[in-house]
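Each chain, letter by letter, is given below.
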Amino acid sequence: MSTRHLRNVSISQLESFLELCLCKYIKNRKGHIQYTRADLTRPLPFQNHIDPVPGFIVKNLLRGLGYSKNDFHDILENKKEVVRKGNKFILQDVVKKKK
C-alpha cells in the first residue's frame with residue numbers, strides 16, 4: 001500500500017509544485033489562484049483561502065497537467081523534473097552531477 005497521499009497539501013506546497021512544473025502564475029481573483037502553461041487549453045484554478053487544499057482539487061490539477069500522484073511526490077522530492085522541449089513538457093528523472 002502506498003503511503004503517498006494527497007491529503008494535507010498546503011497552498012505553498014501546491015504553488016511550488018506548479019512552479020516546478022513550469023506553470024506561470026496568472027492572477028489571484030475572487031478567492032482563486034490561477035496558473036497556466038503553454039500546452040494547457042485552460043487555466044488551473046484553486047481556492048486560496050482553504051488550507052490545506054482538499055485532495056480532490058489536487059487530483060483535478062494533476063489530471064489537467066497529465067501527471068499521476070506518484071509524479072506529484074517525485075517532483076516535490078526532486079526525483080523528477082519537468083523539461084520544456086519546443087511546445088511540449090516532458091517529465092524526466094533528475095540527473096545527478098558528479099563532482
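Analysis parameters
- Residues numbered from 1 in each chain as written.
- Predicted model: local features only at pLDDT ≥ 70, side-chain atom pairs only at ≥ 80, totals over all residues.
- Heavy atoms only, no water.
- Buried < 20%, exposed > 50% of the residue type's maximum accessible area, 1.4 Å probe, protein only.
- Helix = DSSP H or I, 4+ residues; strand = E, 2+ residues; numbered from the N terminus.
- Arc of directions from axis to C-beta.
- pLDDT = per-residue confidence, 0-100.
- Contact = heavy atoms within 4.5 Å.
- Phe/Tyr/Trp six-rings, centres within 6.5 Å; stacked < 30°, edge-to-face > 60°.
- Lys NZ or Arg CZ within 6 Å of the ring centre and 35° of its normal.

## A few points about helix 1 (residues 11-20)
Next up, step 1: For helix 1, the complete set of buried residues consists of I11, L14, F17 and L18. Buried residues of helix 1 fall within an arc of 125 degrees about the axis and therefore sit on the same side.
Next up, step 2: Backbone geometry just downstream of helix 1 places L22 in the positive-phi region, at approximately 65 degrees.

## Brief notes about the confidence of the model for the protein
Next up, step 1: The pLDDT averaged across the protein works out to 89; a share of 96% of its residues lies at or above 70.
Next up, step 2: Ranking the elements of the protein by mean pLDDT puts strand 5 (residues 88-93) last, at 90, and strand 2 (residues 32-36) first, at 94.

## A look at helix 3 (residues 69-76)
Next up, step 1: For helix 3, the full list of buried residues reads D71, F72, H73, D74 and I75.
Next up, step 2: Check the buried side of helix 3 and you find it contacts helix 1, helix 2 (55-65), strand 4 (80-85) and strand 5.
Next up, step 3: N78 sits one or two positions beyond helix 3 and adopts a positive phi of about 60 degrees.

## Thoughts on the side chain of H73
Next up, step 1: Summarising the element assignment, H73 is placed in helix 3.
Next up, step 2: Once residues within four sequence positions are removed from consideration, H73 is found in contact with R4, H5 and L6.

## Digging into the packing of aromatic side chains
Next up, step 1: Taken as a whole and judged by the stated rule, the model has 3 aromatic pairs.
Next up, step 2: Judged by centre distance (5.7 Å) and plane angle (75 degrees), the ring pair of Y25 and Y35 falls under edge-to-face. Within this pair, whereas Y25 is found in strand 1 (residues 24-29), its partner Y35 is found in strand 2, the two being separated by 10 residues in sequence.
Next up, step 3: Measuring from ring centre to ring centre gives 6.3 Å for Y35 and F46, while their planes differ by 10 degrees; the resulting arrangement is stacked. Placement of the pair is Y35 in strand 2 and F46 in strand 3 (residues 44-47), with a sequence separation of 11 residues.
Next up, step 4: Judged by relative accessible area, which is 2%, F46 ranks as buried.
Next up, step 5: Members of the aromatic cluster, joined through ring pairs, are Y25, Y35 and F46.
Next up, step 6: One residue, R37, lies across the ring of F89, its end atom 4.3 Å from the ring centre.

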